[in-house]
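Structural features, examined
Letter by letter, the chains look like this.
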Amino acid sequence: MQTHYRTCNICEALCGIEITHEGENILSIKGDPKDPLSRGHICPKAVALQDFYFDEDRLRSPLKKTANGFEEISWEEAFDFTVNKIQEIQNKHGDNAVATFLGNPNAHNMGNLLFVRPFIKALRTKSRFSASTVDQMPHHVASLHMLGHSILNPVPDLDRTNYLLIMGGNPLVSNGSMMSAPDIPKRFRAIQERGGKIVVIDPRRTETARKADEHLFIKPETDVVLLLAMIHTIIKEDKIRLNHLADNVTGLEEIKTLAEKYTPELAEKITGIKAEKIKSLTLEMAAADKAVLYSRMGLSTQTFGGLCIWLTNVFNILNGNYDREGGMMFPSPAIDPISFSPKKGKPKYKSIPLSRVRKLPKYLGETPSASLAEEIETEGEGQIKALVCVAGNPVLSVPNGRRLEKAFEKLDFIVCSDIYLTETSKHADIIFPATSGLEISQYDITFLNLAIRNIAKYSPALFPKKGNVKHDWEILAELTARLKGEKNQGHSPEMFLNMALQMGKYAKDGLTLEKLKEHPHGIDLGPLTSCLKERLQTDDDTVRLIHPVFLEDLKRLDESLNTTASENDFSYQMIGRRVLRQHNTWTHNAHRLSKGRNECTVLINPTDADRLGVTSGEYILLKSRVGQIKVEAEVTDEIMEGVLSLPQGFGASKKSKMKIAAAQNSVSINDLTDDLRVDSLTGNAALNGVYVSVSKMAD
Ligand code: SF4
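For clarity, every value in this text was computed on a predicted model and none was experimentally measured. (Residues numbered from 1 in each chain as written. Predicted model: local features only at pLDDT ≥ 70, side-chain atom pairs only at ≥ 80, totals over all residues.)

**Focus: the overall build of the protein**
The test is simple: The secondary structure listing takes helices from DSSP runs of H or I that are at least 4 residues long and strands from runs of E that are at least 2 residues long, numbered from the N terminus. Each radius of gyration reported is based on C-alpha atoms, and the globular scaling rule is 2.2 Å times the count of residues to the power 0.38. Here a residue counts as buried when 20 or more other C-beta atoms sit within 10 Å of its C-beta, as exposed when there are 12 or fewer, and as partly exposed otherwise, the C-beta atoms being derived from the backbone. Once C-beta atoms have been placed from the backbone, residue pairs whose C-beta atoms lie within 7 Å are recorded as contacts.
Tallying secondary structure elements over the protein gives 26 helices and 28 strands in all. A compact globule built from 699 residues should have a C-alpha radius of gyration of about 27 Å, and the protein, at 24 Å, falls within 12% of that. Summarising its shape, the C-alpha atoms of the protein cover approximately 70 × 70 × 55 Å along the three principal directions. With 699 residues in all, the protein has 56% of them scored as buried. A separation of at least 24 residues holds for 76% of the contacts in the protein among residues at least 6 apart in sequence.

In structure tokens, the structure reads:
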């Protein structure tokens, strides 16, 4: 019997796990109590890591689409065919005719992160799409314009705060997002036990809200006005305290002027939260010694997502809780991605490039994923003719996925690297079968940059590759070499990892890959420390409260406040939700996660249900501008009147190979979300707040 320690790489939480096994026979998967970040916590998904490894539905050999369906081919043939097709298309239509789509698992996989950049460089394409423009671009845009770098993102110092206000986030289920924070239940209990307070503002009384001290309902997509009213209050009540950043903050007078008109009374009319409550909440936060406002998915995926995340930062700064213990802080990771970027003060952009068809902003070189379908459909120079999709399932994960699926018919070539035949990969001409979590070695480059404690941890692979599969990074390295007409050098992720560690902040303390291998539980590098002044990337070393892009977007907000909603035919607003036992679109085939009651239900308030004559368990028809679905109703007062909630990530059909997911009759929320609804400031999809109509199904 052997014991293996690693970090679960399904989600951002970075839980340490302890796996006991006899050869390939797994006896148990438990939380690792010695992991310095997760301290023994895991969620039900970790146990399913074995399901993905053993799953008979996994792809185990390269596949080529033929007139008779998919047929197994050799790796050599798959590589040859793919590179020839890509080169043929680029020669005919230009480099940008080949697009890439990177799914969320790339961020959780060291090999993918290290090898995907050289691959995209070898492709020479500017048609780059990813999950980042579906859920998080507002965070990057706020950081770029305020701090000078898009990946200098703050996280709440959960272990020391005494007041946590959460807007549009459900960390009890997610274990943090843009915040790697395993063991939320214990961390939240600790806040309450030290006399602190947790408040949640959300159109749904979420799992987190149920454990909080207070929950306030808010109308979807009105958070931006609430944030402005909170900033208005802190200014009016003379509670601004910049603390150690006093000499490093610019734009304070402009903030005071612009917030003047957004009173709590105005916010009450728009958000549904009483003006007195807005004032008392703000003053409570101002009075708390250590307080933090954390805004996440619900805010960054709405039509004013960029303004919401900017104002969240502004509020934390004005309240004296930025880069300070118990407030919003900045991790100091052993591998700092910022150190690999253009030098401090150098402009990251001369001007923000725009997408070809809709002229949406392209931050971080990413074309908004909500525009992928139109970039395929619209003729002209730069039209996309081929797609390379790595660990992504955009048919289920981008708004109006069915339009994208239809657009695929216009493509000359699709190649996917995936572990499953999915709603996206089933359209591919070539599929490269990739490895899953237990087959890879891992150092979490992305999320240790978002962790609420500084740690470093390396996990070797537990099992050898199962079947005729390759690691994504091996596939990318081979494609890169062939595209460049070079020999594959055979470099490993570990080689780059060791080099990066030696260039990092803790190299002077002897932090090397060898040392990490000696510490399988990970190495604790301590709590977050105040470090913003050293890490700021603005040319004048200031934190900019104001940037012209935000001022310009406020005009769009004002216009929308003066316009009556034109979507009245669709009288309900829909929001998404995350469920504990699934993660995005790819975990639905794990039998440990998919058994039990149907989780793909639409939450509807009892008053709305009465009006429609609907009871729990009945199927109802939801329609939006782009599509319609039939879904099981779940009547509950946890959702506010006029709002519906559907879970994200479901929708695998019987045509895919994922049998268990198909058995659930699940539907995709993105058959209703609208690709034309984006936050035009950041290009991010506006998944939340979509207007839908509801009707009872005929018996
Ligand atoms: S919260 Fe669950 S899925 Fe996420 S890292 Fe921890 S165990 Fe894995």
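The rest of the description comes next.
**A closer look at the pairing of strand β15 (residues 386–390)**
The cut-off we apply is this: DSSP-based pairing: two strands are paired if at least 2 bridges between them are found.
In terms of residue burial, β15 counts as a mostly covered element, since five of its five residues are buried. Along β15, one buried face is formed by A386, V388 and V390 and the opposite face, lined by L387 and C389, is buried too. The pairing of strand β6 (residues 98–102) with β15 spans five bridges and is parallel. Directly across from V98, in β15, lies its bridge partner A386. Judged from the five bridges that link them, β15 and strand β16 (residues 413–418) form a sheet pairing that is parallel. Across the sheet, V390 pairs through a bridge with S417, a residue of β16.

**Some words on the domain arrangement of the protein**
The cut-off we apply is this: Each domain span listed reflects an automatic or database assignment of domains. Each residue gets one of three labels, nonpolar for Ala, Val, Leu, Ile, Met, Phe, Trp, Tyr, Cys and Pro, charged for Asp, Glu, Lys and Arg, and polar for the others, Gly among them.
In terms of domain boundaries, the protein breaks down into domain 1 (2–47), domain 2 (58–126 + 368–429 + 469–490), domain 3 (138–334 + 536–555) and domain 4 (564–696). A separation of 33 Å is found between the C-alpha centroids of domain 1 and domain 3. The interface is formed by ten residues belonging to domain 1 together with seven residues belonging to domain 3. When its residues are assigned to classes, the side of domain 1 that touches domain 3 shows six nonpolar, two polar and two charged.

**A few points about the sheet that holds strand β7 (residues 128–130)**
To keep things clear, this is the line we draw: Lines are fitted to the C-alpha atoms to define the axes, a helix being fitted only along its stretch in contact, and any angle between axes, read from their N-to-C directions, falls within 0 to 180 degrees.
As summarised here, the arrangement of the seven strands in space is β5-β4-β17-β16-β15-β6-β7, forming an open sheet in which the pairing is mixed. For this open sheet the edge positions go to β5 (69–72) and β7, each flanked by a neighbour on one side alone. Pairwise comparison of adjacent strand axes, ignoring direction, gives a mean angle of 20° for this sheet. Of the strands in this sheet, β6, β7 and β15 touch helix α4 (residues 110–123), which is tilted by about 170° from β6.

**Some points on helix α13 (residues 275–287)**
So the rule is basically this: By this rule the span expected of a helix is its residue count minus one, scaled by 1.5 Å. Picture the helix axis, draw a direction to every C-beta atom, and the arc is the one those directions span.
Relative to the 18 Å expected for 13 residues at 1.5 Å per residue, α13 spans 18 Å between its end C-alpha atoms, a close match to the ideal helical length. By the burial criterion, the buried members of α13 are I278, K279, L281, T282, M285 and A286. Projection of α13 onto a plane perpendicular to its axis shows the buried side chains occupying an angular sector of 165°, all on one side. Exposed residues lying more than 90 degrees from the buried face of α13 are E276 and A287. Buried positions along α13 lie against β9 (163–167), β10 (197–201), α10 (223–236), α12 (264–271) and β13 (291–295).

**Concerning the sheet that holds strand β2 (residues 16–22)**
A sheet is described by the order of its strands in space; here three strands give the open sequence β1-β2-β3, paired in antiparallel fashion. In this open sheet, the two strands that pair with only one neighbour each are β1 (2–7) and β3 (25–31). The average angle at which neighbouring strand axes cross in this sheet is 25°, direction not considered.

**Regarding the site of the ligand**
As a reminder, the rule being used: Any residue whose backbone-placed C-beta atom lies within 6 Å of a molecule or strand is treated as near that molecule or strand.
Around the ligand, a shell composed of C8, I10, C11, A13, L14, C15, I42, C43, K45, A46, N175 and P182 is seen. For the shell around the ligand, the per-class residue count stands at ten nonpolar, one polar and one charged.

**Observations concerning unusual backbone geometry**
Of note in the backbone geometry, L14 takes a positive phi value of approximately 60° without being a glycine. Using a count of 27 C-beta atoms within 10 Å as the deciding quantity, one classes L14 as buried. Unusually for a residue other than glycine, N175 sits at a positive phi of about 55°. Among the structural elements, N175 can be located in the loop between α7 (171–174) and α8 (184–193).

**Brief notes about the packing of helix α3 (residues 75–93) against helix α19 (residues 472–484)**
In a packed pair of helices, the relevant descriptors are the angle between the two axes and the axis-to-axis distance. The criterion, for reference: Any angle that is under 35 degrees is reported as roughly parallel, and any over 145 degrees as roughly antiparallel; angles of 65 to 115 degrees are reported as roughly perpendicular and all others as oblique. Handedness of a crossing follows from how the near helix is turned relative to the far one, being left-handed for an anticlockwise turn of less than a right angle and right-handed for a clockwise one.
Following both chains from N to C, one finds α3 and α19 inclined at 50°, their axes separated by 10 Å at the closest point. The orientation of α3 relative to α19 falls into the category oblique. Remark: the crossing between α3 and α19 carries right-handed chirality. In contact with F79, T82, V83 and I86 of α3, α19 contributes E478, L479, R482 and L483.

**Examining the environment of K426**
Tracing the backbone through its elements, the reader meets K426 in the loop between β16 and β17 (430–433). Owing to 22 C-beta atoms within 10 Å, K426 belongs among the buried residues under this scheme. Distance in space between the C-alpha atoms of K426 and D202 is 37 Å, their sequence separation being 224 residues.

**What to know about the nonpolar core**
Going by this rule: A set of buried Ala, Val, Leu, Ile, Met, Phe, Trp, Tyr and Cys residues, joined to one another through C-beta atoms within 7 Å, is what we call a nonpolar core.
With 171 residues, the main nonpolar core has L226, L227, L228, I231, L311 and V314 as its most contacted residues. The residues touching L311, leaving out its near neighbours within four places in the chain, are V224, L227, L228 and I231. One finds Y572, M574, L622 and V692 within the second-largest nonpolar core, a separate group that totals 27 residues.

**Describing the environment of C389**
With respect to the helices and strands, C389 occurs in strand β15. Through-space distance from the C-alpha of C389 to that of D412 is 14 Å; in sequence the pair is 23 residues apart. Contacts of C389, omitting those with residues within four sequence positions, involve F101, I414, C416 and T424.

**Looking at the environment of R544**
Tracing the backbone shows R544 in strand β20 (residues 543–544). Exposure remark for R544: the 16 C-beta atoms within 10 Å place this residue in the partly exposed category. Measuring from C-alpha to C-alpha, the distance between R544 and L147 comes to 6.7 Å, with 397 residues separating the pair along the chain. Those residues in contact with R544, other than ones at most four positions away along the chain, are H145, M146, T250, G251 and T538.

**Some thoughts on the packing of α10 against helix α15 (residues 305–318)**
For the pair α10 and α15, interaxial distance at closest approach is 9 Å and the crossing angle is 20°. In terms of orientation, α10 and α15 fall into the roughly parallel class. Relative to α15, α10 is oriented so that their crossing is left-handed. Residues D223, V224, L227, L228, M230, I231 and I234 of α10 lie in contact with α15, whose contacting residues are L307, C308, L311, T312, V314, F315 and L318. The class makeup of the residues in the contact of α10 with α15 is twelve nonpolar, one polar and one charged.

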